[in-house]
Amino acid sequence: MATNMRAHEAGILHADGYAAQPQWLPEPEDLSELMPKLWAANTDRGEHGELTVAGVPVTDIARDFGTAAYVVDEDDFRARARAFRDDFTAPFAAIGGADVYYAGKAFLCTAVARWIMEEGLHLDTCSGGEMAVAQRVGFPPERVALHGNNKSRAELRQALEWGIGRIVVDSFAEIDRVAEIADELGVVAPVMVRVTVGVEAHTHEFIATAHEDQKFGFSLANGRAREAVDRIVAKGESLRLLGLHSHIGSQIFDTAGFEIAARRLIDLHTEVAAEHGIAMPEMDLGGGYGIAYTSEHDPLSPRQLGEQMGDLVARELKVFQEEHPEAVLPRISIEPGRAIAGPSAFTLYEIGTIKDVEVTGDLTRTYVSVDGGMSDNVRTALYGADYSCALASRTSDAEERLVRVVGRHCESGDIVVMDEYLPGDIVAGDLIAVPGTGAYCRSLSNQYNHTPRPPVVAVRDGVARVIVRRETIEDLLALDVDESAPPQEVR
Ligand SMILES: *Cc1c(COP(=O)(O)O)cnc(C)c1O
């Protein structure tokens, strides 16, 4: 058989002439097996082989709520939140303590805000809308933070009137703006300084540089971060300086980048103590803890993260402690979003068109289309994210087939799962599930092609319920001003 060079370079050419397997994707031994690191804890196979969540078969979910649908294992979500709250923070007890802020941008609705509130976590927001969700459920404002490089005056006012716990300031103009609004309202605004520490973390490596070319924060290297601290201290009647903040990236699998970030923040923290005589009470190391989207990802558990980060923070704080033996150590905070919300959910789709496409003379790729796509999960199209999937409505003993799962949208880049093995006998009407879609899928969703967005269905103890309802065509048309309709109001 002639060898297709590009396919060969990309991986292994399948013996029967079907598409090339990427190097990292192992041929599965059992297609019905659910790899635990990919799926929420209460996901299983039912008596007919169908996927179940907390005892509810996905066939029932599809029948009752339709597809596409996001399905969240509520107990799994809560357990991940608790693991960060307890296991992550335990090693910090000896060095000033730690708090966990759930990054709401990963996925937020009132039900999720309540879960976070009930599990005793804190909450990160970055818009008036996210704050409104927290306000709706009566989230204690002192446990909420507001982020963003371009918060509006209205959002800053909303935060301060509410009594928010911290505003993470991101520019000199914003320092002045927050002080002005605090003065108008007669309050003192609690602020942290977003520091660009010169560490950029990616999945398996990080880059440590002196300078960064990005929109967030005050650079440490050129002294802007220090100037920001000075400006805040000078406005002490309006602003209360809580501490320094950094966030180095996303989908990170080791703590080396955090070590450099912590060292650089603690150096500045120590300098501020020496020059202003202020021991700032807090320090935030941000989020970015990775999850398993495919078999190739091996994330650290909250316990492992806590042990490693507790160690490195303790080590880096030594100098500060030696120079300021009487000073209170900063309380550390972190901001996981993906690592709490991501693995708790999967997206349930129904298979439609299945098409074998001859890529070259001896290479055929099977395209499996589903009733969703880049409108409900834009991550693959946006930044080449990898996902996996499994046949969900049944199991099958058929030979495996390497497939590409694609959406229903008018873009050839509308891919959901780049490469995955599914049983060769899949047909239209089968259900498939894509795990790890709890973070940055609903929150980044859109209505491309006038596609109503899927519902979010939460399952707990054998009961499935809608926590965000499916969008309807009426919802889509509700914003559309029909100029041919009789005027509603005549002046
Ligand atoms: C996005 C973000 C997070 C959360 O990142 P994850 O990768 O979801 O953990 C935390 N903090 C800040 C400031 C962020 O911008």
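Nothing here was measured: the structure is a model prediction, and the numbers come from that model. (Residues numbered from 1 in each chain as written. Predicted model: local features only at pLDDT ≥ 70, side-chain atom pairs only at ≥ 80, totals over all residues. Heavy atoms only, no water.)

Any chance you could break down the overall build of the chain for me, citing the residues and the numbers?
Each helix and strand in the chain was counted, giving 13 helices and 25 strands. Its C-alpha atoms give the chain a radius of gyration of 25 Å, within 12% of the compact-globule value 23 Å for 491 residues. Dimensions of the chain along its principal axes, counting C-alpha atoms only, are 75 × 65 × 45 Å. The buried share of the chain, reckoned over its 491 residues, is 54%. A fraction of 70% describes how many contacts in the chain between residues 6 or more apart in sequence connect residues 24 or more apart. A total of about 21200 Å² of accessible surface is found on the chain, and carbon and sulfur atoms cover 48% of it. Separation of charge centres in the chain, based on 45 positive and 78 negative side chains, amounts to 5 Å. (Helix = DSSP H or I, 4+ residues; strand = E, 2+ residues; numbered from the N terminus. Rg over C-alpha atoms; globule rule 2.2 N^0.38 Å. Buried < 20%, exposed > 50% of the residue type's maximum accessible area, 1.4 Å probe, protein only. Contact = heavy atoms within 4.5 Å. Areas by Shrake-Rupley, 256 points an atom, 1.4 Å probe, with all protein chains shown as cover. Lys, Arg positive; Asp, Glu negative; His and termini not counted. Charge placed at Lys NZ, Arg CZ, Asp CG, Glu CD.)

Mind laying out empty space enclosed by the protein, listing which residues take part and the relevant values?
Per the counting criterion, the structure on display carries three cavities of 30 Å³ or more. Space inside the largest cavity adds up to approximately 50 Å³. Taken together, I252, F253, D254, T255, F258, Y289, G290, L300 and L305 make up the lining of the largest cavity. Residue composition of the lining of the largest cavity, grouped by class: six nonpolar, two polar and one charged. (1 Å grid on protein atoms, 1.4 Å probe; cavity = no way out; pocket = protein on both sides within 12 Å on 5 of 7 lines; lining within 4 Å. Points joined across faces, edges and corners; volume = space filled by probe spheres on them. Nonpolar A, V, L, I, M, F, W, Y, C, P; charged D, E, K, R; others polar.)

Break down the confidence of the model for the chain for me, with residues and values.
Residue-level pLDDT values for the chain average 93, and 94% of them are 70 or greater. Note that residues 1-13 has pLDDT below 50 and, in this model, 23 contacts with residues that lie over four places away or in other chains. (pLDDT = per-residue confidence, 0-100.)

Any chance you could break down the pattern of salt bridges for me, citing the residues and the numbers?
If the charged atoms of two oppositely charged side chains come close together, the side chains can form a pair. The full count for this structure, using the stated rule, is 36 salt bridges. Two residues, D64 and R63, come together in a salt bridge whose shortest N-O distance is 2.9 Å. By sharing partners, the salt bridges in this structure join E74, D75, R78, R82, E118, E119, R460 and R465 into a single network. (Salt bridge = Lys/Arg side-chain N within 4 Å of Asp/Glu carboxyl O.)

Explain the nonpolar core to me, using residue names and the numbers behind them.
Ranked by internal contacts, the top residues of the largest apolar core, which has 111 residues, are Y102 and V193. It is helix 9 (residues 256-276) that contributes the most residues to this core, nine residues altogether. Leaving out residues up to four positions away in the same chain, Y102 has contacts with F77, F107, V112, I116, L121, H122, L123, D124, P336, G337, I340 and A341. In this structure, A54, V56, A390 and L431 belong to the second largest nonpolar core, which totals 20 residues. (Core = buried A, V, L, I, M, F, W, Y, C linked by side-chain atoms within 4.5 Å.)

Any chance you could break down the site of the ligand for me, citing the residues and the numbers?
Looking at the ligand, there are 15 residues lining it, with K105, S250, E335, R338 and Y440 nearest. A distance of 2.7 Å separates a nitrogen atom of the ligand from a polar atom in the side chain of E335. Between an oxygen atom of the ligand and a main-chain N or O atom of R338, the distance comes to 2.8 Å. Compared with its free state, where it exposes 390 Å², the ligand has 92% of that area covered by protein. For the shell around the ligand, the class distribution of residues is four nonpolar, seven polar and four charged. (Near = heavy atom within 4 Å. Polar contact = N/O pair within 3.5 Å; in protein donor to acceptor, adjacent residues only side chain to side chain.)

Tell me about the packing of helix 7 (residues 172-185) against helix 8 (residues 224-234), residues and numbers included.
For the pair helix 7 and helix 8, the least separation of the axes is 10 Å and the interaxial angle reads 15°. In terms of axis orientation, helix 7 runs roughly parallel to helix 8. Between helix 7 and helix 8 lies a crossing of right-handed hand. The residues of helix 8 that touch helix 7, namely those facing F172, I175 and D176, are R224, E227, A228, R231 and I232. Its residues assigned to classes, the contact of helix 7 with helix 8 comprises four nonpolar, no polar and four charged. (Axes fitted to C-alpha atoms, helices over the stretch in contact; angles between N-to-C directions. Parallel < 35°, antiparallel > 145°, perpendicular 65-115°, else oblique. Left-handed = near helix turned anticlockwise from the far one by under 90°.)

For the sheet that holds strand 4 (residues 51-53), give the residues involved together with the corresponding values.
What the three strands build is an open sheet, ordered 3-4-5; its pairing is antiparallel. Of all strands in the sheet, those bounded by a partner on one side alone are strand 3 (43-45) and strand 5 (56-57). As paired elements, strand 3 and strand 4 share three bridges and run antiparallel to each other. When the sheet's bridge partners are listed, R45 is paired in strand 4 with L51. (Pairing = 2+ DSSP bridges.)

Go over the pairing of strand 6 (residues 69-73) with me, naming the residues and quoting the values.
The side chains of a regular strand alternate, first on one face of the sheet and then on the other. Across the five residues that make up strand 6, a large majority, five, are buried. Bridge analysis of strand 6 against strand 18 (residues 345-360) gives four bridges, and the strand direction is antiparallel. Along strand 18, the bridge assignment pairs A69 with L348. Note: strand 6 against strand 24 (residues 456-460), four bridges, orientation parallel. Residue pairing across strands places V72 opposite A458, the latter belonging to strand 24.

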